[in-house]
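Architecture and fold: a report
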Amino acid sequence: MTSLSRELVFLILQFLDEEKFKETVHKLEQESGFFFNMKYFEDQVQAGEWEEVERYLSGFTKVDDNRYSMKIFFEIRKQKYLEALDKQDRARAVEILVKDLKVFSSFNEELFKEITQLLTLDNFRENEQLSKYGDAKSARTIMLVELKKLLEANPLFRDKLTFPAFKASRLRTLINQSLNWQHQLCKNPRPNPDIKTLFVDHTCTPPNGARAPTPSTNPLVGTLPKGAVFPPIATHSVNQLPFQPAGASSGSLSGWMANPNPAAPHSAGPVSLAPPPNAAAFLKRPRTPPSNGPAVDYQSADSEHLMKRIRGGQSEEVTYPGPGPTHHLNMYSQDDLPKTLARTLNQGSNVMSMDFHPLQQTTLLVGTNVGDIAIWEVASRERLAYRTFKVWEISACSIPMQAALVKDPAVSVNRCIWSPDGAVLGVAFSKHIVHIYSYTAAGDLRQHLEIDAHTGGVNDIAFSHPTSQLCIITCGDDKTIKVWDAVSGRKQYTFEGHEAPVYSVCPHQKENIQFIFSTAIDGKIKAWLYDLAGSRVDYNAPGLWCTTMAYSADGTRLFSCGTSKDGDSYLVEWNESEGTIKRTYSGFRKRSLGVVQFDTTRNRFLAAGDEFQIKFWDMDNTNILTTIDVEGSSASPRLRFSKDGSLLAVTTNDNGIKILANAEGLRLIRMLESRSFEGSRVPPETMATKTSIVNVMPPAVTAPCSLPGAIERSERLTPAVSMNNFSSIDSSRTPDVKPRLLDEVTDKSKNWKLTEITDLGQCRSLRLPDTMHANKVVRLIYTNSGVAVLALASNALHKLWKWQRSDRNPSGKSTASIPPQMWQPASGIVMNNDIGDTNPEEAAACIALSKNDSYVMSASGGKVSLFNMMTFKVMTTFMPPPPAATFLAFHPQDNNIIAIGMEDSSIQIYNVRVDEVKTKLKGHQKKITGLAFSHVLNVLVSSGADAQLCLWGIDGWEKRKSKVVPVHPGRSSPPVGDTKVQFHNDQIHLLVVHESQLAIYDASKLERLRYWSPHDSLSAPISSAIYSCDSVLVYASFCDGAVGVFDAESLRPHCRIAPSAYSPSVMNSNAYPLVIASHPSEPNQFALGMTDGGVYVIEPSESEGKWGVGPPPDNGTVGSNPTLSNQGSEPPSR
């Protein structure tokens, strides 16, 4: 093929891609063999489309072409074989072995025999070389890295991995140039030529014998349009409105929306798809007109109409072509997705809704399940504004609303959202009302409107501009959609017609036609014009339950995401013209654990939270593009992109928010972080205003309360001091002044009494059913999903309890109200640790759970074992003693890296994937009893039985600092015994637990800020302690069986739970809690592992809902640093 013919193929590839003939594009790539599309190849491999993978490869190479090609085909077929074995599909595996892998036996017979022997194993991971094999998805990702290297090294792919660089729409430009030249050569050129075909050369019919102008005066010469101005063949006209019946003509009223401004017929002008300036409404998106006189475009209105009829069922999206080196108009790579953890925010309550500011890309609005709203500057981790829920004017509210609040004052945020210009924000609550605030860049948040909008919950809120005036759109449990004036709060429209509560609204505009989509919980989708003429459509959403709808950023493509009552989730794109589903995206688990949330970005990507992951799709591909694990995320995390797509906010099960970023987002955050917030965005005169906003109130309690308490919570709360202020105060100390040891926290309040819980009826407790022999529980953890509890007994046996979904427990999470099942796989296998020659009763046990709850790593004096949590099978063992492992902790950025504390006082940094100890850390004198990573400080803190703390940098694993736990006053000898450590959610403050004391440290300096030691009614030695999931409380167990609940900031006790309150039998057996665990998403629930082998789950009584109330702050100092004594109970702004 000649060079020009080859280039023509590239032009055709570009044209086909612009017109979205996806299958044809890849077929031509494969048949021509000119361009190997690496992105398409990766997508097919990730999707496991093995036949298509090999078919596509066959256009470029064969198995026996060279050693690189042979290795490529071998890796693909081996992966296909292993996946069949993993699915226990032996017949399929044999077929692959015979048909696909047999060809390699002539090159390496021993390897083929070894592959064949895998058929004899129950689990091919029993083969030592395959013991690290994870799941299919991770294995495909690892294989892709190797395949890319082989493709790049293969000489047959040289110059085929990069698409040549030329301007977009180049084929169109060449055709237009040809048509202009043909028109220039016409004997009788007409001013407005009508181009209807490309099959013959263009000529103009002579109207009156006029002569053609000479080339030197022809206005067409030199005015050829640029390639970037030509749109794809199909475009929307104003007549093609969402969900219009296919048969509706341009002037028809039979469509679901009447056309108030029918398109005018073509006026005299250049022959081009682009309209004359006075018909700009004809197109959905603006066009760049030719710079000078008229130009000929080969596509006329007639041909456009023809193409619409031929391709009526396809998307008619119009995109902006632009220059670039590839033939993809929107050529985004996975690197454009925000996947790097940039920030962690602790909201303090379960986050229900989020929205990034439309102009200030790093400003995030958050609403919670207790009615709080907050505005965060994510770059500086600063909370700019905070409001708890209260009714602004109770007398103006309807009687039903007042009655609802009296009956149950608990209120949640259902949705919070910014207006298009970011000057206003709206909050929809679970009871009746909507709050509208005005907002300025200085952080000034002011009450604007309180609207008693719906009877029951207000399920969604949106802003729209049906006229020049901004409007608020709401929907609710009363089955209506309402439109309100955003200035006066006056109701403008009420749309009725749904037969079930309305779940969501999606306002949109096509040209100058404004409309609203709405979805109800019976699965009905309706559309409304602002004319009170009723619903224009009535369609069923997939799943027939909770569905939300959203347009792509350019407004050209419509998507919906919903979950059925059975947990089946659906993400689809709609064909607006016909009201049909255009494509359904795959990749959701069969039974989602919540209503799946989704968002769109960059006109290219979709994202949804499912299976404790964020899943991404290319809008044009129904298969998953990629997934990312977000540590601590809930089963169906909520998510929200920033408006430019560089940041992604994701909710976590510890009442926090993870901010993920791409390279652009990281640069933005670093840039803003380098400036002080006040200096860059807030004028000096507004500083006082901002400070008062930041320190308004601490998070609202979740317990039910009386109506006055719900309305005015601020009366009994004190302002909080930001942790950021602590660090600035600390850093201002002069270097030569050694801070005094902080005094012990004592209670100086005479009127306050510690809450004593002594009777069974004062709290909810449940001893988990156990059919096995009871040995003392030495380790206890909740699964990250919160649906199970895992215990490790002193005899090296693991026990797992799972709660089931039911009418009484729809979430399926652990609760003290419903007994769980003691779970075992059908095989009857139990999880027993390797004990070797040791006595497990005397060994130091350790355990760590993977963040997706799939695997647990554990040791009881012998080898470290890795168990599959579904099958209970041992996947692998490593690190045989001596020395024995005593503590395990996963690296925060890489789950393949584990810090292992050892009995010989060393810490080994171990890479599981390559089975290699990377480094050994030495700094303790006795065994390691605690390890904790901070991804914010980039450090590892270790603690030992020598009561010593060590701080290690995790970049070079250098030791930065060490300190011995201070001696308690009254003791002459230094403390000995196990010391445990745990980071606060802010990843800066550290809880240190020793039998003699609880202490809060600033981990960056290993400086003790607060401590408490046993005394009075809590006087026994401490056996274990842990933060609550929101880091607001500390739960501590004692060797006399009692449990203490402390405020995490001040270490002031809230209440004492006597053993008689959760188990009278404990009083008779002298058993006590050896370990304590906190629920990952319920801050008031914890579990106890007892010395008699029992496991208890404990919660406050339903009437109380929380664990007591702490004493008021002292007026005097608590410690030597006066600034530390004035802080309230609000979690610090981060």
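Residues numbered from 1 in each chain as written. Predicted model: local features only at pLDDT ≥ 70, side-chain atom pairs only at ≥ 80, totals over all residues. Heavy atoms only, no water.

Helix and strand counts for the chain come out as 18 helices and 57 strands. Counting over 1134 residues, the chain shows a buried share of 55%. Put simply, 57% of the contacts in the chain that link residues at least 6 apart link residues at least 24 apart. Carbon and sulfur atoms make up 52% of the accessible area of the chain, which totals about 47,200 Å². (Helix = DSSP H or I, 4+ residues; strand = E, 2+ residues; numbered from the N terminus. Buried < 20%, exposed > 50% of the residue type's maximum accessible area, 1.4 Å probe, protein only. Contact = heavy atoms within 4.5 Å. Areas by Shrake-Rupley, 256 points an atom, 1.4 Å probe, with all protein chains shown as cover.)

One pass over the structure, following the stated rule, counts 39 salt bridges. The salt bridge partner of K39 is D43, with a shortest N-O separation of 3.3 Å. Of the two residues, K39 and D43 are both situated in helix α3 (residues 38–46); the distance of four residues between them amounts to about one turn of the helix. Here K39 and D43 have matching classes, each one buried. Put simply, K39, D43, R557, E573, R583, R604, D618 and D620 are held in one network by salt bridges that share partners. (Salt bridge = Lys/Arg side-chain N within 4 Å of Asp/Glu carboxyl O.)

This part takes up the environment of I988. Structurally, the position occupied by I988 is in the loop between β47 (979–983) and β48 (989–994). Separated by 53 residues in sequence, I988 and H935 have C-alpha atoms that sit 9.3 Å apart. For I988, the residues in contact, after removing those within four places along its chain, are V936, L937, F983, Y1001, D1002, A1003 and S1004.

Our focus in this paragraph is the nonpolar core. Grouped together as the largest cluster of nonpolar side chains are 38 residues, with contacts concentrated most on F36, F41, L57, I76, Y81, L101 and L151. Those elements giving two or more residues to this core turn out to be α3, α4 (50–58), α5 (67–86), α6 (90–101), α7 (109–117) and α8 (136–153). Per-element accounting of this core gives the leading share, nine residues, to α5. Sequence-distant contacts of I76, that is, excluding residues within four places in its chain, are made with F41, W50, V53, E54, L57, M143 and L147. Judged by nonpolar contacts, the second largest core, of 21 residues, contains F389, C397, F429 and I433. (Core = buried A, V, L, I, M, F, W, Y, C linked by side-chain atoms within 4.5 Å.)

Turning our attention to α4. Looking only at α4, the buried set comprises W50, E52, V53, E54, Y56 and L57. Elements that come into contact with the buried residues of α4 comprise α2 (22–32), α3, α5 and α8.

Hydrogen bonds along the backbone pair up the strands of a sheet, which may run parallel or antiparallel. Ordered in space as β31-β32-β33-β34, the four strands form an open sheet in which the pairing is antiparallel. A single partner strand is all that each edge strand has here, and the edge strands are β31 (777–782) and β34 (821–822). With five bridges joining them, strand β32 (residues 788–793) and strand β33 (residues 798–802) adopt antiparallel strand pairing. What sits directly across from A788, in β33, is K802. (Pairing = 2+ DSSP bridges.)

With antiparallel pairing, four strands are arranged side by side in an open sheet as β43-β44-β45-β46. The sheet is open, and its two borders are formed by β43 (928–934) and β46 (959–964), each paired with just one other strand. Averaged over all neighbouring strand pairs, the angle between strand axes comes to 15°, with direction disregarded. The sheet contact formed by strand β45 (residues 948–953) and β46 spans five bridges and is antiparallel. Its bridge partner being in β46, Q948 is matched across the sheet by V964. (Axes fitted to C-alpha atoms, helices over the stretch in contact; angles between N-to-C directions.)

This brings us to the confidence of the model for the chain. Mean pLDDT over the chain stands at 78; residues scoring 70 or higher make up 78%. Note on residues 676–749: pLDDT under 50 across the span, and 149 contacts to partners over four residues away in sequence or across chains. Long-range and interchain partners of residues 1115–1134, a stretch whose pLDDT sits below 50, account for 69 contacts in this model, where long-range means more than four residues apart. (pLDDT = per-residue confidence, 0-100.)

Our focus in this paragraph is the side chain of Q987. Counting through the fold element by element, Q987 comes out in the loop between β47 and β48. Looking at Q987, the relative accessible area reads 12%, which means it is buried. In this structure the side chain of Q987 is engaged in a polar contact, spanning 3.0 Å, whose partner is the backbone nitrogen of H935. Excluding residues that lie within four positions of it along the chain, Q987 makes contacts with F933, S934, H935, V936 and L937. (Polar contact = N/O pair within 3.5 Å; in protein donor to acceptor, adjacent residues only side chain to side chain.)

The subject of this paragraph is helix α12 (residues 663–673). Within α12 the residues assigned to the buried category are G665, L668 and I669. Down the axis, α12 shows its buried residues gathered within 95° of arc, on one side only. Turned more than 90 degrees away from the buried face of α12, the exposed residues are R667 and R670. Where α12 is buried, its residues meet β1 (340–346), β27 (647–651) and β28 (656–661). In this structure N662 caps α12, since a side-chain oxygen of it lies 3.1 Å from the backbone nitrogen of E664. (Arc of directions from axis to C-beta.)

On to the environment of E377, then. As for its placement among the helices and strands, E377 is situated in strand β4 (residues 373–377). Owing to a relative accessible area of 3%, E377 belongs among the buried residues under this scheme. Residues E377 and T363, 14 residues apart in the sequence, show an inter-C-alpha distance of 4.7 Å. Here the side chain of E377 touches T362 through a polar contact of 2.7 Å, side chain to side chain.

A few words now on the packing of α3 against α8. At a minimum axis separation of 10 Å, α3 and α8 run at an interaxial angle of 150°. The orientation of α3 relative to α8 falls into the category roughly antiparallel. Crossing angle aside, the handedness with which α3 passes α8 is right-handed. Taken together, the residues of α8 that come into contact with α3 (itself represented by M38, F41, E42, V45 and Q46) are K137, R140, T141, M143, L144, L147, K148 and L151. Its residues assigned to classes, the contact of α3 with α8 comprises seven nonpolar, two polar and four charged. (Parallel < 35°, antiparallel > 145°, perpendicular 65-115°, else oblique. Left-handed = near helix turned anticlockwise from the far one by under 90°. Nonpolar A, V, L, I, M, F, W, Y, C, P; charged D, E, K, R; others polar.)

As a further point, take the packing of aromatic side chains. The geometry of an aromatic ring pair comes down to the distance between the two centres and the angle between the two planes. By the definition in use, this model includes 34 aromatic pairs. Geometrically, the ring pair formed by F559 and Y585 is tilted, given 6.4 Å between the ring centres and 45° between the ring planes. Taken as a pair, F559 in strand β19 (residues 558–563) and Y585 in strand β21 (residues 580–585) lie far apart in primary sequence, 26 residues in all. Both residues of the pair, F559 and Y585, belong to the buried class. Between Y1062 and Y1096 the ring centres are 5.4 Å apart and the planes differ by 70°, which places this aromatic pair in the edge-to-face class. Taken together, the positions of Y1062 in helix α17 (residues 1059–1062) and Y1096 in strand β57 (residues 1095–1100) put the pair 34 residues apart, joining distant regions of the chain. (Phe/Tyr/Trp six-rings, centres within 6.5 Å; stacked < 30°, edge-to-face > 60°.)

This part covers the packing of α3 against α4. The description of two helices packed together rests on the angle between their axes and the distance between the axes. In contact at an axis separation of 8 Å, α3 and α4 are set at 150° when each is read in the N-to-C sense. Relative to α4, the element α3 lies roughly antiparallel. The hand of the α3/α4 crossing is left-handed. In contact with Y40, F41, Q44 and V45 of α3, α4 contributes W50, E52, V53, Y56 and L57. Residues belonging to the contact of α3 with α4 are distributed by class as follows: seven nonpolar, one polar and one charged.

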